[in-house]
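Spelled out from the first residue to the last, the chains are:
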Amino acid sequence: MSLVTLQSVKKDFGIKEILKDASFSIDANDKVGLIGTNGSGKSTLLKMIAGIEPIDGGQILTNSGAKVIYLPQQPDVDENLTVIEQVFANSGEQMMLVREYEEVSEKLAHSPEDGQLMSRLSTVMQRMDTTGAWELETNAKIILTKLGITDFNVKVGTLSGGYRKRIALATALLSEPDLLLMDEPTNHLDALSVEWLQSYLNRYRGALLLITHDRYFLDQVTNRIIEIDRGDIFTYSGNYSYYLEKKALAEDSIASTQRKFQGVLRRELEWLKRGPKARSTKQKARIQRIEVMRETEFKQAQGKVDISTVSRRIGKKVIELEKVSKAYNGRTLIKNFTYGFSPEDRIGIIGGNGAGKSTLMNIITGRVEPDSGTVDIGTTIHIGYFDQHSDDLLAALNENQRVIDYIKEEGEFVKISDGTQITASQMLERFLFPGNQQYAPIHKLSGGEKRRLFLLRVLISAPNVLILDEPTNDLDVQTLAILEEYLEDFTGTVIVVSHDRYFLDRTVDTIFALEEGGNIRQYPGNYSVYLDYKKAEEDSQQTLAVKEKPQDSQTEVKKVNSQVAPKTAQPKKRRLSTWEKREFERLESKIAQLEIDKAEAEKAMVNAPPGNYTQVQQLYDQVEELKRAIDQATERWMELAEIES
């Protein structure tokens, strides 16, 4: 069943034609990845399907019964709501019941003998059972926790943009639409949250249309790829790896066809030059065919960013940090860190949101002074810093400035890797900014195009230390692939802050992991090797705990746990709220009932009449749904039990 169908859809922004004649459909089980270079119209296409952006021609048909939810890169949230209220903002009656339950529970805590309140609470609880509000609350807290949000009652307005994006993501997932449109959902997520989201979407029963730069994510989640290439739409049935394979074959086939065509045309033109007598009908027809061939145009292979800038000579002394520490608001982000960077270093810096990654970058570059310790930068060092807030930097400069003028501020000419010089305009062409865009103001560019422009500005300054802070945010996968190749040949120090697992695997050979308390641990190898180290450490700790755990002494158990656990200050223990206590008690009976229902469904499936495939399939689906419900309820019960203990 098709949820959305595009028929001959057109979209033109004047300086760029986004869609020429787009036709495709999205079916109920599709998991579609939307790719294309920055500025090709990916986000615009999602907005058109969501009904936010008008189309210039054709039509978009949406199934009347289909629920479509759109998650933009910068979602709107109500700053006055709490986290849990924002997540339930579109839940209607369920949200009202949750609020009423909490209100009555709070009053009963002060007046436990009030019969009217008890009666009202009983009525509300029955309605919550009927509408599924209990399950909604449980699911919401599980999703928020997995996305790194544990304080459900904090005001949204007090949170950073990254956390607001997570709340919007949780809201979208909780709504369980038939079609979920997602624009860069992995931005602002750490690696663990990305892996959880990847697993969640693999089990998701609705359809997806998503834009993402995370190629591991794209490969694991999608079963179709739609590519936008200069206004045309190309569809590939398979994941991202399949797309790459078929795309390469298609480009080879087109190149081969074009070579054969040019060979035939060359021979025909030679025949024409010999001056044959064009008297016969056959000869006249041949001459007409030659004219048609001469006017035939082949669509060239999609342009690729050409990064061929030079870097300056780098000396032996790069950047040396000696016993550096930094804290904000009483929280230590970096503690007594010492390291001397070498010209050959390829370092990836990882850590959760707010761990201090950007702070460390700013200390290295001299933008932020450490609370203690020293930073010594070599005399030959020229730092190129690609900041994750590059859009803000562009806006601060002058978004009304023309693209070419912004680049010319670094110089009229650019020296490239072969030693020759080209004009700023030619360099912009290599970075996929055609002539009409070069003389447009910066605010006309898409978010991804602005970041690509800023990357060009950084690279043409000829740095010998390149610092990339979240470079994968908003850069398309094609540009990222070229950037990775560039970094392989870059003759200088590379320091990368990123949550993109693929990018880290391709570009770094050492991992700095920022941990609680400001400690920075070093691991040799790329991100995948780091994960292997972490898994080995966890296995070793578990083995140690099992070996040393006495069978009958609670005192000794506590002693072993204190040895294994990190010696960090323990936060004040949180107690279950009234709502959570009710939820905890209810989950025990719910899990037991779900197990009974599953056993009955499995028995019915075994005893189903032979040949009744429809009934068997329905029972199988019921069993799978019950398994998911049991897993989800058990996971939530364990979270609450840990708080209660």
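In case you missed it, the structure is sitting above this.
Residues numbered from 1 in each chain as written. Predicted model: local features only at pLDDT ≥ 70, side-chain atom pairs only at ≥ 80, totals over all residues. Heavy atoms only, no water.

Asker: What exactly am I supposed to notice about the overall build of the protein here?
Answerer: A tally of regular secondary structure across the protein gives 22 helices and 20 strands. Taken over 645 residues, the protein has a buried fraction of 45%. Carbon and sulfur atoms make up 48% of the accessible area of the protein, which amounts to about 33,000 Å² in all. (Helix = DSSP H or I, 4+ residues; strand = E, 2+ residues; numbered from the N terminus. Buried < 20%, exposed > 50% of the residue type's maximum accessible area, 1.4 Å probe, protein only. Areas by Shrake-Rupley, 256 points an atom, 1.4 Å probe, with all protein chains shown as cover.)

Asker: Would you explain the pattern of salt bridges in this entry?
Answerer: Side-chain pairing between opposite charges can occur once the charged atoms of the two side chains come close. Counted according to the given criterion, the structure contains 19 salt bridges. Across the salt bridge formed by Lys-326 and Asp-371, the nearest N and O atoms sit 3.2 Å from each other. Here Asp-371 lies in the loop between α11 (357–365) and β13 (372–377) and Lys-326 lies in strand β10 (residues 319–328), a separation of 45 residues in the sequence. You can call Lys-326 buried: its relative accessible area is 10%. Residues Glu-488 and Arg-506 are paired through a salt bridge, measuring 3.1 Å at the closest nitrogen-oxygen approach. Of this pair, Glu-488 sits in helix α17 (residues 477–489) while Arg-506 sits in helix α18 (residues 501–507), and the two are 18 residues apart along the sequence. By sharing partners, the salt bridges in this structure join Arg-215, Glu-484, Glu-488 and Arg-506 into a single network. (Salt bridge = Lys/Arg side-chain N within 4 Å of Asp/Glu carboxyl O.)

Asker: Got a minute to help me understand helix α1 (residues 42–50) in this structure?
Answerer: Because an α-helix packs 3.6 residues into every turn, residues spaced three or four apart end up facing the same way. Within the span of α1, buried status applies to Lys-42, Thr-44, Leu-45, Leu-46, Met-48 and Ile-49. Within two residues after α1, Gly-51 carries a phi angle of roughly 85°, on the positive side.

Asker: Sorry, what's going on with unusual backbone geometry here?
Answerer: Glycine aside, negative phi is the norm for most residues, and most peptide bonds take the trans geometry. Phi angles above zero are rare outside glycine, and Asn-336 is one such case at about 50°. Within the element layout of this structure, Asn-336 appears in strand β11 (residues 331–340). Of note, the phi angle at Ala-462 is positive, near 60°, even though the residue is not glycine. Note that Ala-462 resides in the loop between α16 (447–460) and β17 (465–469).

Asker: Looking at this structure, how should I read the nonpolar core?
Answerer: Soluble globular proteins tend to bury their nonpolar side chains together. Core analysis: the biggest nonpolar cluster contains 51 residues, and Leu-173 and Leu-201 have the highest contact counts within it. Top contributing element to this core by residue count: helix α6 (residues 161–175), with seven residues. If you look at the next biggest cluster of nonpolar residues, it comprises 44 residues, including Ile-407, Leu-468, Leu-487 and Val-508. (Core = buried A, V, L, I, M, F, W, Y, C linked by side-chain atoms within 4.5 Å.)

Asker: Help me understand α17 in this model?
Answerer: The terminal C-alpha atoms of α17, which comprises 13 residues, lie 19 Å apart, in line with the 18 Å expected from a rise of 1.5 Å per residue. Where α17 is concerned, the buried positions are Val-477, Thr-479, Leu-480, Ile-482, Leu-483, Glu-484, Tyr-486 and Leu-487. (Expected span 1.5 Å × (residues − 1).)

Asker: Which parts of the structure should I look at to understand the pairing of β17?
Answerer: As a general feature of sheets, a regular strand has side chains that alternate between the two faces. Most of β17 sits inside the fold, with five of its five residues counted as buried. In β17, alternate side chains face the same way, and those of Val-465, Ile-467 and Asp-469 on one face and Leu-466 and Leu-468 on the other are all buried. Where strand β14 (residues 383–386) meets β17, four bridges bridge the pair, whose relative direction is parallel. The residue bridging Ile-383 from the neighbouring strand is Val-465, located in β17. (Pairing = 2+ DSSP bridges.)

Asker: Looking at this structure, how should I read empty space enclosed by the protein?
Answerer: Unfilled space is identified by rolling a water-sized probe across the atoms. Scanning the entire structure with this criterion turns up one cavity of 30 Å³ or more. A volume near 30 Å³ is recorded for the largest cavity. In this structure, the largest cavity is lined by Asn-139, Ile-143, Leu-173, Leu-174, Glu-176, Tyr-200 and Gln-632. When residues of the lining of the largest cavity are traced back to their parent elements, those giving at least two are α5 (133–146) and α6. Class assignment for the residues of the lining of the largest cavity results in four nonpolar, two polar and one charged. (1 Å grid on protein atoms, 1.4 Å probe; cavity = no way out; pocket = protein on both sides within 12 Å on 5 of 7 lines; lining within 4 Å. Points joined across faces, edges and corners; volume = space filled by probe spheres on them. Nonpolar A, V, L, I, M, F, W, Y, C, P; charged D, E, K, R; others polar.)

Asker: I'm lost on the packing of α5 against α6 in this one. Help?
Answerer: For any two helices packed against each other, one specifies the crossing angle of their axes together with the interaxial distance. The N-to-C vectors of α5 and α6 enclose an angle of 140°; their axes lie 10 Å apart at closest approach. By the angle between their directions, the pair α5 and α6 is classed as oblique. Note on packing geometry: the crossing formed by α5 with α6 is right-handed. For the pair α5 and α6, contact is made by Leu-136, Asn-139, Ala-140, Ile-143 and Leu-144 and by Ala-170, Leu-173 and Leu-174, respectively. (Axes fitted to C-alpha atoms, helices over the stretch in contact; angles between N-to-C directions. Parallel < 35°, antiparallel > 145°, perpendicular 65-115°, else oblique. Left-handed = near helix turned anticlockwise from the far one by under 90°. Contact = heavy atoms within 4.5 Å.)

Asker: Hey, could you run me through the packing of aromatic side chains in this one?
Answerer: Pairs of aromatic rings are described using the distance from one ring centre to the other and the angle between the two planes. As enumerated under the stated definition, the model contains 13 aromatic pairs in all. Ring geometry for Tyr-339 against Phe-341: centres 4.9 Å apart, planes inclined by 75°, an arrangement best described as edge-to-face. This pair shows no difference in class: Tyr-339 is buried, exactly as Phe-341 is. Judged by centre distance (5.8 Å) and plane angle (40°), the ring pair of Phe-386 and Phe-454 falls under tilted. Highlighted residues: Phe-386 in strand β14 and Phe-454 in helix α16, separated in sequence by 68 residues. Relative accessible area serves as the criterion here: at 9%, Phe-454 is assigned to the buried category. Put simply, the rings of Phe-337, Tyr-339, Phe-341 and Phe-512 touch in pairs and so form one group of aromatic residues. Above the ring of Tyr-163, the side-chain terminus of Arg-166 is found at 5.2 Å from the ring centroid. Sitting over the ring of Phe-433, Arg-452 keeps its end group 4.9 Å from the ring centre. (Phe/Tyr/Trp six-rings, centres within 6.5 Å; stacked < 30°, edge-to-face > 60°. Lys NZ or Arg CZ within 6 Å of the ring centre and 35° of its normal.)

Asker: Looking at this model, I keep getting lost on the sheet that holds β10. Mind explaining?
Answerer: Sheet strands associate in pairs through backbone hydrogen bonding, adopting either a parallel or an antiparallel arrangement. Here three strands make up an open sheet; going across it, the order is β11-β10-β13 and the pairing antiparallel. Every interior strand has two partners, whereas the edge strands, β11 and β13, have only one. Taken pair by pair, the neighbouring strands of this sheet meet at an average axis angle of 20°, ignoring direction. Note that β10 and β13 share five bridges and pair antiparallel.

Asker: Just checking my understanding: could you explain the sheet that holds strand β7 (residues 207–211) for this structure?
Answerer: Read across the sheet, six strands follow the order β5-β6-β7-β3-β8-β9 without closing on themselves; strand pairing throughout is mixed. What marks the edges here is a single partner per strand, and that holds for β5 (68–71) and β9 (232–236). Between one strand axis and the next, the sheet turns through 15° on average, direction left out of account. As defined by bridge partners, strand β8 (residues 224–229) adjoins β9 across five bridges and the pair is classed as antiparallel. Following the sheet pairing, Glu-227 is matched in β9 by Phe-234. Along the sheet, α6 contacts β5 and β6 (179–183); its crossing angle with β5, the most-contacted strand, is approximately 170°.

Asker: Can you walk me through the environment of Asp-418 in this structure?
Answerer: With respect to the helices and strands, the residue Asp-418 is situated in the loop between β15 (413–415) and β16 (421–423). Judged by relative accessible area, which is 57%, Asp-418 ranks as exposed. Along the sequence, Asp-418 and Thr-309 sit 109 residues apart, while their C-alpha atoms lie 8.8 Å from each other.

Asker: Please clarify how the layout of surface pockets should be interpreted in this entry.
Answerer: Put simply, the second largest pocket is a space of about 720 Å³. Lining of the second largest pocket is provided by 24 residues; of these, Glu-176, Glu-625, Arg-628, Ala-629 and Gln-632 occupy positions nearest its centre. Looking at the lining of the second largest pocket, the elements that each hand over two or more residues are α5, α7 (191–203), α21 (578–606) and α22 (613–644). At ten residues, α22 tops the list of elements feeding residues into the lining of the second largest pocket. Considering only residue class, the lining of the second largest pocket consists of nine nonpolar, four polar and eleven charged.

The quantities given are spatial measurements derived from coordinates; they are silent on function.
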